[in-house]
Amino acid sequence: MTQPTINDFHTILPMIVLSVWACLLLLVDLFIPKDRKGITALLAALGLILSLGFNLTRIGMESVGFSGMVVLDGFATFANVLLLLSGLFGVALAYGYVRRMGIERGEYYTLLLFSVCGMMLMAQAADLIIVFLALELLSIPLYVLAAFARGDMQSQEAGVKYFLLGAFATGFVVYGTALVFGATGTTSLGGIFAAASAGASTGSGNGLMFTIGAALILVGFGFKVAAVPFHMWTPDVYQGAPSAATAFMSSGAKVAGFVALLRVFSTSFPALASDMNGILWTLSALTMIVGNLIAIAQTNIKRMLAYSSIAHAGYILMAFVSYGNPQVASVSIASGMFYLMAYTLTNFGAWSVVVALEKAEGKGLEIADYAGVARKHPALAAAMAVFMLSFIGFPPTLGMVGKFYLFRAAIAGGYTGLALIGVLTSLVSAYYYLRVVVNMYMREGELVPEREPWLGFATALTAAATVALSLVPQWVFLLASTAVMK
Amino acid sequence: MIPLSWYLILAAGLFSIGLFGVLVRRNAVAILLGVELMLNAVNINLVSFWRYGDVLKMTGQVFAIIVFAVAAAEVAVGLALVISVYRSRNTVIADELDMMKW
Amino acid sequence: MLLEYIAIAVMIAVATLIAGIAIGLGELFGPKKASAAKSMPYESGMNPYGEGTRRMPVRFYLIAVLFILFDIEVVFLLPWAITFRKLGLFGLIEMAIFIVILLIGYVYAWGKGALEWE
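Basis of the calculations
One numbering rule holds for all chains: residues counted from 1, following each sequence as written. By the order in which they are written, chains take letters starting at A while ligands take numbers starting at 1. pLDDT decides what is reported in this predicted model: residues at 70 or higher carry local features, side-chain atom pairs at 80 or more are listed and counted, and totals for whole chains, interfaces and linings draw on all residues regardless. Going along the chain from the N terminus, every DSSP run of H or I of four or more residues is numbered as a helix, and every run of E of two or more is numbered as a strand. Counting other C-beta atoms within 10 Å of a residue's own tells you its class, since 20 or more makes it buried, 12 or fewer makes it exposed, and anything in between is partly exposed; those C-beta atoms are placed from the backbone. It is the C-beta atoms, placed from the backbone, that decide contacts: two residues are in contact if theirs lie within 7 Å. Residues are grouped as follows: Ala, Val, Leu, Ile, Met, Phe, Trp, Tyr, Cys and Pro are nonpolar; Asp, Glu, Lys and Arg are charged; every other residue, Gly included, is polar. Expected helix span is given by 1.5 Å per residue-to-residue step, counting one fewer step than there are residues. Known as pLDDT, the predictor's confidence for each residue is given on a scale from 0 to 100. Axis definition: a line fit to C-alpha positions, over the contact stretch in the case of helices; interaxial angles, taken between N-to-C directions, run 0 to 180 degrees. For this classification, under 35 degrees means roughly parallel, over 145 means roughly antiparallel, 65 to 115 means roughly perpendicular, and everything else is oblique. Put simply, a crossing is left-handed when the front helix is turned counterclockwise from the back one by less than a right angle, and right-handed when it is turned clockwise. The term nonpolar core refers to a group of buried residues, namely Ala, Val, Leu, Ile, Met, Phe, Trp, Tyr and Cys, whose C-beta atoms join them within 7 Å.

1. Digging into the overall build of chain B
Counting secondary structure elements, chain B contains three helices and zero strands. Each helix and strand of chain B, ordered N terminal to C terminal, gives the series α-α-α. By principal-axis analysis of the C-alpha atoms, chain B measures approximately 50 × 25 × 20 Å. Here chain B holds 102 residues, and the buried ones make up 37% of them. In chain B, once contacts between residues fewer than 6 apart in sequence are set aside, the share between residues at least 24 apart is 50%.

Take a look at the structure:
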């Protein structure tokens, strides 16, 4: 029995800080009066900032903790920054929104913090047991957040659907994990790789079990990141859940899901790359095509963004296809991380505009309602235009640079066809993204946007970052390259 | 001794029954039961892999404990969600949760 | 091969026998006074009347959910208790942290009034 040392705790310090903070906040919130829940929000934000501070001191550090259960490396640090920023934006978007919608309760922020803890644990997991634990820790609070508007039937429906599909997906992940454990005798990600490369030629049944296990894990995470054909829950859940919660889950959960996929597959399953290539290629292509095509038909902005998030899962999946090819894997992982960052910023920006325009009783959610926003609130309309352009991949935005890196990596890996599908579907997506912009600028309408300081700040910040960071792409890409696992 | 494959077949059968339940049952609580069956199938797998593998390494057992503890947490949240739907709509039939298109 | 199962067969036989004796003795020597209340189907002390799907106070669910959560945690205490001596002080501290986390949940549920019946 090895006793943990201080180094073990250092490895996951930002996560420990955040989880302790969340536990305390749960208790402190009991003593905060009902009409002052803004204090809880500020305290939650403070915890996230504190954790972010600890996380930033970890740049460049590498260590392994708790007998190889968790790991700290550039990949984890990069992902943690992204996840903590998601948490902060999630709080900023919710701050005014939950009050306006009459669903303000302190638990919202506590649950959000616990979910971020799970996501960070996911980024640092070096063992399939931890991956499973982190998956549940991040998902269970999200189920509740989706159903957070108790009086709203759509929100409840979203919660139940998300829960049932999420639990179903978890079943696949653990069954796959069990089979991999059976085939290799270990759950450690590095151990699985070692066992698989040592016994690659021996054991006929084990090889099959190993492959099926990996495939089941892929299916489970396919549900989590909303890849076609495992996407059916996404539009309903994104539409029904409170918009601020949707913003958080569509960014944070997606980042965490992809981070886990990248970590597990590139650490444990390089041996299966030749089997997985075709599957991943198909998943990526299907997700891009189906997501973008169905998005065209949507009239509700939340459903449209849901399909857009499915489509973007397809683009990010492109970074996976060549994960087993050592020549391009590192560039392709860096592009994937870059795109995740671009997606997170743009996505939060777009949702912050949705939050600003949503009225009680679900009014103001049709794309047609956005007519005339440019006249009433030019800055908001301009910001939305930036986000839509970034989603399309139009310069000068982060989305364009992200897509450029992704397509370049795909072509370098020999997947020109996939890159072509990416370009074509991006062109298709211009139609439905630009429709929002056209509505805002070219038509007359009634809707008056809400002006809330934190919300406005989040919108301005994401819009500025989306444009500004795209002007120094090499610098950001260099940052993403630090996130490549050794 | 009973061969390992028997346990695996049992677990695969149980997993399939759970999967079938999730896919065809319409009652949200029954779907939840299906999910639980799937997780229990995993536990059978884990414990038998442990027993037939390196008995001194406790990974399989520990994993099984974590799986059902987490499953309990999941069920608690799930039941609460189903109850809150039942209170406002008087139904737990998944097909009738159709305010939004499925 | 089959010999290994003899112990199980013996156990089944003994269990059946003991249960049979217990019920049989009661049947033989016990007084038999039938009454309306006694011949009713037993349902945990509640009146088994009305439809099968009648409403129950939703409080029951809350208590049940809390029970599941706090009950399942014992599962982690048991392995710790068995290896208590091996784990030593560190195990004790870890378990204390674990209990404190549970306690936080308990205090939260208490503070929210989840433990009060009315």
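2. Brief notes about the overall build of chain C
Helix and strand counts for chain C stand at four helices and zero strands. Sequence-ordered secondary structure for chain C, helices as α and strands as β, is α-α-α-α. By residue count, 1% of the 118 residues in chain C fall in the buried class.

3. Description of the interface of chain C and chain B
Contacts between chain C and chain B engage eight residues on the former and ten residues on the latter. Secondary structure elements with two or more residues in the side of chain C that touches chain B: helix 2 (59–72) and helix 3 (74–82) of chain C. The biggest single contributor to the side of chain C that touches chain B is helix 2 of chain C, with five residues. Classifying every residue of the side of chain C that touches chain B by side-chain character gives eight nonpolar, no polar and no charged.

4. Looking at helix 6 (residues 128–146) of chain A
Spanning 19 residues, helix 6 of chain A covers 27 Å between terminal C-alpha atoms, matching the ideal 27 Å at 1.5 Å per step. The buried fraction of helix 6 of chain A amounts to 18 of the 19 residues, a majority that puts the element mostly inside the structure.

5. Describing the confidence of the model for chain B
Looking at chain B as a whole, its pLDDT mean stands at 88, while 90% of the residues score no less than 70. Ranking the elements of chain B by mean pLDDT puts helix 3 (residues 59–89) of chain B last, at 89, and helix 1 (residues 4–24) of chain B first, at 94.

6. A closer look at the packing of helix 3 (residues 38–56) of chain A against helix 5 (residues 107–124) of chain A
All names here are of chain A. For the pair helix 3 and helix 5, interaxial distance at closest approach is 9 Å and the crossing angle is 15°. Comparing the axis directions of helix 3 and helix 5 gives the class roughly parallel. Viewed along their axes, helix 3 and helix 5 form a crossing whose handedness is right-handed. Each of T40, A41, A44, G47 and L48 in helix 3 lies in contact with helix 5, whose residues at this interface are Y109, L112, L113 and V116. When the residues that make up the contact of helix 3 with helix 5 are grouped by side-chain class, the tally is seven nonpolar, two polar and no charged.

7. Focus: the confidence of the model for chain C
Residue and element names in this part refer to chain C. Across chain C, the average pLDDT comes to 84, with 86% of residues at or above 70. Across chain C, the secondary-structure element scoring lowest on mean pLDDT is helix 2, at 83, and the one scoring highest is helix 1 (residues 6–29), at 93. For this predicted complex, the interface confidence reaches an ipTM of 0.94, while the overall pTM sits at 0.91.

8. Focus on the environment of A:A158
Residue and element names in this part refer to chain A. Mapped onto the elements, A158 comes out in helix 7 (residues 153–184). Residue A158 is classed as buried on the basis of its C-beta count, with 31 C-beta atoms lying within 10 Å. Between the C-alpha atom of A158 and that of V237, which follows or precedes it by 79 residues, the distance is 4.4 Å. In contact with A158, other than residues within four places in its own chain, are A146, A147, D236, V237, G240 and A241.

9. Structural notes on the packing of helix 3 of chain B against helix 2 of chain C
Between helix 3 of chain B and helix 2 of chain C, the least distance of the axes is 9 Å, while the angle of their chain directions is 170°. Regarding the angle of helix 3 of chain B to helix 2 of chain C, the classification is roughly antiparallel. In this structure, helix 3 of chain B uses B:A69, B:A72, B:A73, B:V75, B:A76, B:L79, B:A80 and B:I83 to contact helix 2 of chain C, whose residues at the interface are C:Y61, C:V65, C:I68, C:L69 and C:I72. For the contact of helix 3 of chain B with helix 2 of chain C, the class distribution of residues is 13 nonpolar, no polar and no charged.

10. Some remarks on unusual backbone geometry
Residues and elements named next belong to chain A. For the bond running from V228 to P229, omega is 5°, close enough to zero to count as cis. Positionally, P229 belongs in the loop between helix 9 (204–224) and helix 10 (233–240). For the bond running from P395 to P396, omega is 0°, close enough to zero to count as cis. Summarising the element assignment, P396 is placed in the loop between helix 16 (378–392) and helix 17 (398–412).

11. Comments concerning the interface of chain B and chain A
Taken residue by residue, the interface counts 34 residues in chain B and 32 residues in chain A. Counting only elements with at least two residues in the side of chain B that touches chain A, the list comes to helix 1, helix 2 (28–52) and helix 3 of chain B. When residues of the side of chain B that touches chain A are assigned to their parent elements, the largest contribution, 16 residues, is made by helix 3 of chain B. Considered class by class, the residues forming the side of chain B that touches chain A number 24 nonpolar, seven polar and three charged.

12. Comments concerning the nonpolar core
One finds A:L93, A:L113, A:M122, A:L145, A:A146 and A:M384 to be the most contacted residues of the largest nonpolar core, which totals 231 residues. Once residues within four sequence positions are removed from consideration, A:L145 is found in contact with A:Y108, A:L111, A:L112, A:A241, A:A245 and A:M249.

13. A closer look at the environment of A:G336
Note that A:G336 resides in helix 14 (residues 326–357). Setting aside residues no more than four positions away along its own chain, A:G336 makes contact with A:F258, A:L262, A:I316 and A:A319.

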